[in-house]
Amino acid sequence: MVDVGTLSLVATGALLLFALAVGIRVLAGIFRDGRERSRKRREGEIDRYTEDPVYDRDPPDPDADGAAPATCPQCGAENASEFAYCRECAAPLGPNP
Ligand SMILES: [Zn+2]
């Protein structure tokens, strides 16, 4: 006669095996999908996102406008061109607001 404890143990074991089988199947599917994707990418069937023109643009260059470092008329300290006030004496640096 099989007692209840053994029965529940067997049921739990069966459930665990079932869950393991399902999990392995899902993992295998993910793995297969990834390999398929990388194979297609190698063969050029899928464009890499880095080849997207949106990602191909150069980042904006802060020095592109050619502005030279501003020299303070008050104390002569050199300040970055985007500064409106001198970092040394806080004097206004020019036409920039
Ligand atoms: Zn200054």
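On a predicted model such as this, the values are computed, not experimentally measured, just so you know. (Residues numbered from 1 in each chain as written. Predicted model: local features only at pLDDT ≥ 70, side-chain atom pairs only at ≥ 80, totals over all residues. Heavy atoms only, no water.)

With that settled, the discussion passes to the overall build of the protein. Counting secondary structure elements, the protein contains two helices and two strands. Secondary structure elements in the protein, listed N-terminal to C-terminal, are α-α-β-β. Considering the protein as a whole, with its 97 residues, one finds that 8% of them fall into the buried category. In the protein, once contacts between residues fewer than 6 apart in sequence are set aside, the share between residues at least 24 apart is 0%. Taken as a whole, the protein presents about 8,700 Å² of accessible surface, with 59% of it coming from carbon and sulfur. (Helix = DSSP H or I, 4+ residues; strand = E, 2+ residues; numbered from the N terminus. Buried < 20%, exposed > 50% of the residue type's maximum accessible area, 1.4 Å probe, protein only. Contact = heavy atoms within 4.5 Å. Areas by Shrake-Rupley, 256 points an atom, 1.4 Å probe, with all protein chains shown as cover.)

Quick look at the UniProt feature "transmembrane region" (unreviewed entry) in the protein now. Following the UniProt record, the feature "transmembrane region" (unreviewed entry) maps to residues 6–31 here. The span residues 6–31 shows a helical share of 100% and a strand share of 0%, and its end C-alpha atoms are spaced 37 Å apart. (UniProt positions renumbered as here; feature names shortened; annotations may be inferred.)

To continue, consider the coordination of the zinc ion. Taken together, C72 (SG), C75 (SG), C86 (SG) and C89 (SG) make up the protein donors of the zinc ion, found 2.3 Å from the metal. If you look at the zinc ion, its four donor atoms make angles of 102 to 115° with each other, and the shape they trace is tetrahedral. In terms of primary sequence, the donors binding the zinc ion are separated according to C-x2-C-x10-C-x2-C. Residue C72 is located in the loop between strand 1 (70–71) and strand 2 (78–79), and its partner C86 is located in the segment after strand 2; the two are separated by 14 residues in the primary sequence. Note on accessibility: C72 and C86 belong to one class, buried. (Donors = N, O, S within 2.8 Å, 3.2 Å for Na, K, Ca; no water. Tetrahedral: all angles 85-135°; square planar, octahedral: opposite > 155°, others 65-115°.)

Turning to the UniProt feature "domain: DUF7577" (unreviewed entry) in the protein, a few remarks are in order. Residues annotated by UniProt as "domain: DUF7577" (unreviewed entry) correspond here to residues 70–93. Split by type, residues 70–93 is 0% helix and 17% strand. Its first and last C-alpha atoms lie 7 Å apart.

What follows deals with the environment of R39. Looking at where R39 falls in the secondary structure, it is placed in helix 1 (residues 4–42). By relative accessible area, R39 is classed as partly exposed at 29%.

This part covers the nonpolar core. In terms of nonpolar packing, the biggest core is built from six residues, these being A70, C72, A77, C86, A91 and L93. Excluding its chain neighbours within four sequence positions, the residues that come into contact with C86 are C72, C75, A77, N79, A91 and L93. (Core = buried A, V, L, I, M, F, W, Y, C linked by side-chain atoms within 4.5 Å.)

A few words on a nonpolar patch on the surface. On the surface, F18, V22, V26, L27 and I30 cluster together into a nonpolar patch covering about 510 Å² of accessible area. Within the secondary structure, V22 sits in helix 1. (Patch = residues over 30% accessible without salt bridge, like charges linked within 9 Å, V, L, I, M, F, W, Y side chains within 5 Å. Salt bridge = Lys/Arg side-chain N within 4 Å of Asp/Glu carboxyl O.)

The subject of this paragraph is the side chain of N79. By secondary structure assignment, the location of N79 is in strand 2. At a separation of 2.6 Å, a polar atom in the side chain of N79 contacts the main-chain amide nitrogen of R87. Contact partners of N79, with chain neighbours within four places excluded, come to P69, A70, C72, Y85, C86, R87 and L93. (Polar contact = N/O pair within 3.5 Å; in protein donor to acceptor, adjacent residues only side chain to side chain.)

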